[in-house]
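# Examining the three-dimensional arrangement
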Amino acid sequence: MSKTYVIGIDYGTDSVRAVLVDARSGAEVAQAVHPYARWKDQRYCNAAHNQFRQHPLDHLEGLEATVRQVAAQVPAEQIVGLAVDTTGSTPGPVDARGQSLALLPGFEENPNAMFVLWKDHTALAEAAEINRKATTWGGEDYTRFEGGIYSSEWFWAKIMHVTREDEAVARAAHSWMEHCDWLTLQLTGGALATCKRSRCAAGHKAMWHESWGGLPSEEFLVQLEPKLAGLRERLYTDTYTADQVAGTLSEEWAQRLGLTTDTVVAVGTFDAHAGAVAGEIEAYSMVKVMGTSTCDIVVAPVQEVGEKLVPGICGQVDGSVVPGLLGLEAGQSAVGDLLAWFRQLIEWPLRALLPDSSVLPAEQQDQLREELAGRMMVALNQAAAAVDPAASQVLALDWVNGRRTPDANQALKGALMNLSMGTDAPHIFRALVESICYGSRRIVERFEAQGVPIKQVIGLGGVAKKSAFLMQTLADVLNRPIRVAESDQAPALGAAMYAAVAAGLHPDVPTAQRAMGNGFADTYAPDPARVAAYEARYQQYLAFGEFVEAQTPNMA
Ligand SMILES: Nc1ncnc2c1ncn2[C@@H]1O[C@H](COP(=O)(O)OP(=O)(O)O)[C@@H](O)[C@H]1O
Ligand SMILES: O=C(CO)[C@@H](O)[C@@H](O)COP(=O)(O)O
């Protein structure tokens, strides 16, 4: 009997995906996807206030549905390990047993008791306070290894915000957990105090660093917000890389998932970092995990980076991607989301006017909406690709959900210029795609200017697989070839690689990458004829950005 199967579970923004993988070859035996039901209706969100919360029941229902489905493909005893990756920073308040407050009576419908999704920017003011305090309080600047600017997307800003806003949640919250740690604890069923926390989540988002003994000091935290007193003690000191064993499946979850209690559960991690592993990341590659947002992940030998700090990124953390290498993260807060925003904008008549149509009966309206929704993104890509970039005047800024990097400023907004009577939807879509690519070039330039060369670029994720137009534009704007990973479920495959190491099927992550890597599907080569036109427009993008930023209060 071959005990060689592992399961990778990837919690994205809109859905959870599980893949069953043969750890000998990396063959994906089965995959399953479960969109979050409550999230789909945006039940606990308020986009106008940048509030995006997810109910843990969405996550638990998805866990059971997807894993049961893939696990049924082979005998349970042959599945020896699993690992979870999630979005981040997506923290939530928990009780003393590590249970999410949203699963407790009285808190079921309270968004503050739920997971505060990475793209929730309600904590802008708190992030600004952290930044001020970090450089003025007279002690260590705890933002040093997180790019020197703390973001409202991250752990402490979100905890501060919810603690201030909601007295009942503040009183009931014994502690807080990152989503990836919480799921790992659910699966293993251990005690909160001994739960092995993700190095990746702690180092990139919670200002955890070995050099100052873990999390920021109690003194610093209490100066920030007196209500944080004592929380540090109830969090964690040690962190673990994602190839380590967190435990084995609890009796309850073995039964719920159709697996055995011998199944090893690896320490949790973030989706982008797991994706980078599946994208076969190696020293000085940049793996772009392109979905709702984009995360740009780079790894480099610790000793070569030495004391160098790359300012304005989402941190540099020993072992956050490949244990033994330094993991560096940057990214853009809206990529697929920016294009989805535009699609929704132009679909407005379908939502607002069609229901009152006297021409089309209700059931046909639904069919029409569905048909157009299915075709819209593909059609926009095609029409925008046909617009000559040299003749295109419209210029956009990609900051509809703020700017993550370089130099976090989540208060920034998107913008369009050069609209004329001749501007149509494909022109604007093209400008949005270009802005994504220019934003990406700024990030690559930041790494290189700080002495971290980018030797190759790899793309993966929904956008990399679905938009050839965007990927070609990116190759032209960066003036570099881009390889796109074969796997449709790269973060889940990366999680499976971590699970295979934790379960002892491979000795380390690079060996797992070599054995289980699914290779590359396409390569986009830069088109020399277009490079020059984009170069000129990139300079305009930078000037436009500078102008808009000067009008916006600087917050994180
Ligand atoms: N044809 C397309 N062109 C560009 N973007 C697309 C296209 N189809 C879907 N998308 C975008 O892909 C994103 C989802 O990517 P995916 O990697 O599946 O999700 P996640 O971010 O949850 O991991 C959505 O934001 C959507 O707008
Ligand atoms: O920021 C991180 C990881 O650090 C991501 O989890 C976040 O951008 C969400 O990723 P997706 O866009 O859902 O793939």
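Residues numbered from 1 in each chain as written. Chains lettered and ligands numbered in written order. Predicted model: local features only at pLDDT ≥ 70, side-chain atom pairs only at ≥ 80, totals over all residues.

Check the secondary structure of the chain and you find 20 helices and 20 strands. A globule of 556 residues ought to have a C-alpha radius of gyration of about 24 Å, and the chain, at 23 Å, matches this closely. Projected onto its principal axes, the C-alpha coordinates of the chain cover approximately 65 × 60 × 55 Å. Counting across all 556 residues of the chain, residues that qualify as buried make up 54%. Expressed as a percentage of contacts within the chain between residues at least 6 apart in sequence, the contacts between residues at least 24 apart total 75%. (Helix = DSSP H or I, 4+ residues; strand = E, 2+ residues; numbered from the N terminus. Rg over C-alpha atoms; globule rule 2.2 N^0.38 Å. Buried ≥ 20, exposed ≤ 12 C-beta atoms within 10 Å, placed from the backbone. Contact = placed C-beta atoms within 7 Å.)

This next bit is on the UniProt feature "domain: Carbohydrate kinase FGGY C-terminal" (unreviewed entry) in the chain. When the UniProt feature table is mapped onto this chain numbering, "domain: Carbohydrate kinase FGGY C-terminal" (unreviewed entry) sits at residues 287-503. For the annotated span residues 287-503, helix accounts for 45% and strand for 18% of the residues, and the straight-line distance between the end C-alpha atoms is 26 Å. (UniProt positions renumbered as here; feature names shortened; annotations may be inferred.)

Ordered by their spatial adjacency, seven strands build an open sheet running β14-β15-β13-β12-β18-β19-β20, and the pairing between neighbours is mixed. In this open sheet, the two strands that pair with only one neighbour each are β14 (316-318) and β20 (520-524). When the angles between neighbouring strand axes are averaged without regard to direction, this sheet yields 25 degrees. With four bridges joining them, strand β19 (residues 482-485) and β20 adopt antiparallel strand pairing. Residue pairing for β20: Arg 483 is matched across the bridge by Thr 523. Against the sheet, helix α17 (residues 468-478) makes contact with β18 (456-460), β19 and β20, and its axis sits at roughly 145 degrees relative to β19, the strand it touches most. (Pairing = 2+ DSSP bridges. Axes fitted to C-alpha atoms, helices over the stretch in contact; angles between N-to-C directions.)

Time to look at the site of ligand 1. For ligand 1, the set of nearby residues contains 18 residues, the closest of which are Gly 12, Gly 291, Thr 292, Gly 336 and Gly 462. Of all the elements in the fold, those that place two or more residues in the shell around ligand 1 are α12 (336-346), α14 (362-385) and α16 (462-466). The biggest single contributor to the shell around ligand 1 is α12, with four residues. Across the shell around ligand 1, the residue classes tally to six nonpolar, nine polar and three charged. In terms of domain composition, the shell around ligand 1 takes at least three residues from each of domain 1 (5-279 + 487-520) and domain 2 (336-486 + 526-550). (Near = placed C-beta within 6 Å. Nonpolar A, V, L, I, M, F, W, Y, C, P; charged D, E, K, R; others polar. Domains from an automatic or database assignment.)

Residues Val 6, Ile 7, Ala 496 and Ala 499 are the most contacted members of the largest nonpolar core, which totals 171 residues. Residue contributions to this core peak at eleven residues, all from helix α18 (residues 490-502). Once residues within four sequence positions are removed from consideration, Ala 496 is found in contact with Val 6, Ile 7, Gly 8, Val 19, Val 21, Ala 83 and Met 516. (Core = buried A, V, L, I, M, F, W, Y, C linked by C-beta atoms within 7 Å.)

The local shell around ligand 2 holds 16 residues, among which Thr 13, Thr 87, Gly 291, Thr 292 and Ser 293 are the closest. Looking at the shell around ligand 2, the elements with two or more residues in it are α10 (271-278) and β15 (325-332). Residue classes in the shell around ligand 2 are distributed as five nonpolar, nine polar and two charged.

With an omega of 0 degrees, the peptide bond running from Gly 88 to Ser 89 counts as cis. Cis geometry marks the peptide bond from Thr 405 to Pro 406, where omega comes out at -5 degrees. Tracing the backbone shows Pro 406 in the loop between β16 (395-397) and β17 (415-417). One non-glycine residue, Met 207, lies in the positive phi region at around 55 degrees. Assignment of secondary structure puts Met 207 in the loop between α7 (199-205) and α8 (218-224). By the C-beta count within 10 Å, which is 27 here, Met 207 ends up buried. Notably, Asp 407 is not glycine yet its phi reads approximately 70 degrees, a positive angle. For Asp 407, the location among the structural elements is in the loop between β16 and β17. Among the residues examined, Asp 407 registers 18 C-beta atoms within 10 Å and is labelled partly exposed.

Here the focus is helix α6 (residues 179-188). Within α6, ten of the ten residues are buried, which leaves it mostly tucked inside the rest of the structure. For α6, the full list of buried residues reads His 179, Cys 180, Asp 181, Trp 182, Leu 183, Thr 184, Leu 185, Gln 186, Leu 187 and Thr 188. Among the residues trailing α6, Gly 189 stands out with phi positive, at a value near 70 degrees.

Attention now goes to the packing of α10 against α18. For any two helices packed against each other, one specifies the crossing angle of their axes together with the interaxial distance. Remark: α10 packs on α18, axes separated minimally by 7 Å, with the N-to-C direction vectors making an angle of 80 degrees. Viewed along their axes, α10 and α18 adopt a mutual orientation that is roughly perpendicular. Contact residues: α10 offers Asp 271, Ala 274, Gly 275, Ala 276, Val 277 and Ala 278, while α18 offers Ala 490, Pro 491, Leu 493, Gly 494, Ala 495, Met 497 and Tyr 498. Looking at the contact of α10 with α18, its residues break down into ten nonpolar, two polar and one charged. (Parallel < 35°, antiparallel > 145°, perpendicular 65-115°, else oblique.)

Looking at the chain, the domain boundaries give domain 1 (5-279 + 487-520) and domain 2 (336-486 + 526-550). Distance between the C-alpha centres of domain 1 and domain 2: 29 Å. Contacts between the two partners involve 16 residues from domain 1 and, on the opposite side, 15 residues from domain 2. Looking at the side of domain 1 that touches domain 2 residue by residue, the class counts come to five nonpolar, eight polar and three charged.

Here the focus is the packing of α14 against helix α15 (residues 425-449). Contact geometry of α14 with α15 gives a least axis separation of 8 Å together with a crossing angle of 90 degrees. It follows that α14 is roughly perpendicular to α15 by the angle criterion. On α15, the residues that touch Leu 380, Ala 383 and Ala 384 of α14 are Ala 425, Pro 426, Phe 429, Arg 430 and Val 433. Within the contact of α14 with α15, the residues separate by chemical class into seven nonpolar, no polar and one charged.

Of all the positions in helix α19 (residues 509-516), only Val 509, Ala 512, Gln 513 and Met 516 are classed as buried. Axial view of α19: buried residues confined to an arc of 105 degrees, hence all on one face. In the core, the buried residues of α19 are packed alongside β2 (15-22), α10 and α18. (Arc of directions from axis to C-beta.)

On the secondary structure map, Thr 241 appears in the loop between α8 and β9 (245-248). Taking the C-alpha atoms as reference points, Thr 241 and Ala 266, separated by 25 residues in sequence, lie 9.0 Å from one another. Thr 241 has contacts with Arg 199, Val 267, Gly 319 and Pro 323, leaving out every residue within four places of it along the chain.

Moving on: the environment of Pro 301. Here Pro 301 is to be found in strand β13 (residues 294-301). Residue Pro 301 is classed as exposed on the basis of its 12 C-beta neighbours within 10 Å. Residues Pro 301 and Asp 166, 135 residues apart in the sequence, show an inter-C-alpha distance of 43 Å. Beyond its immediate chain neighbours, meaning those up to four positions away, Pro 301 contacts Ala 283 and Leu 325.

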